[in-house]
Amino acid sequence: MNQELKISSKSTIKSALKTMAKTGEKCLIVVEDDNSTLLGTLSDGDLRKFILKGEKLTKSIDGMYNPEPT
């Protein structure tokens, strides 16, 4: 698994956006901090949806990602 595509569930929206911009990808792999257990995926669409709802960029991505990725 590409380590650059991993992001902690405790990361912020802004951090996720920066990671997507850096990697050029439109989807990230969300993992737990302590053991890198897969929690789900986070797409640019997921982030846009929450930003348009008025969420602050400093808010954690916890609960924003898809917990059942295919």
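Below is a summary of the structure that appears in this document. Owing to the predicted nature of the structure, the values given are computational and were not obtained by experimental measurement. (Residues numbered from 1 in each chain as written. Predicted model: local features only at pLDDT ≥ 70, side-chain atom pairs only at ≥ 80, totals over all residues. Heavy atoms only, no water.)

**Some words on a nonpolar patch on the surface**
Inference 1: Together, Leu17, Ile51 and Leu57 make up a nonpolar patch on the protein surface, roughly 210 Å² of accessible area in all.
Inference 2: Its place among the elements puts Leu17 in helix 1 (residues 13-23).
Inference 3: For Leu17, a relative accessible area of 34% gives the class partly exposed. (Patch = residues over 30% accessible without salt bridge, like charges linked within 9 Å, V, L, I, M, F, W, Y side chains within 5 Å. Areas by Shrake-Rupley, 256 points an atom, 1.4 Å probe, with all protein chains shown as cover. Salt bridge = Lys/Arg side-chain N within 4 Å of Asp/Glu carboxyl O. Helix = DSSP H or I, 4+ residues; strand = E, 2+ residues; numbered from the N terminus. Buried < 20%, exposed > 50% of the residue type's maximum accessible area, 1.4 Å probe, protein only.)

**A short note on the packing of helix 1 against helix 2 (residues 44-52)**
Inference 1: Packing of helix 1 against helix 2 brings their axes to within 11 Å, and their N-to-C directions diverge by 145°. For the pair helix 1 and helix 2, the sense of crossing is left-handed. In this structure, helix 1 uses Ile13, Ala16, Leu17 and Met20 to contact helix 2, whose residues at the interface are Asp44, Leu47 and Ile51.
Inference 2: Tallied by class, the residues present in the contact of helix 1 with helix 2 amount to six nonpolar, no polar and one charged. (Axes fitted to C-alpha atoms, helices over the stretch in contact; angles between N-to-C directions. Left-handed = near helix turned anticlockwise from the far one by under 90°. Contact = heavy atoms within 4.5 Å. Nonpolar A, V, L, I, M, F, W, Y, C, P; charged D, E, K, R; others polar.)

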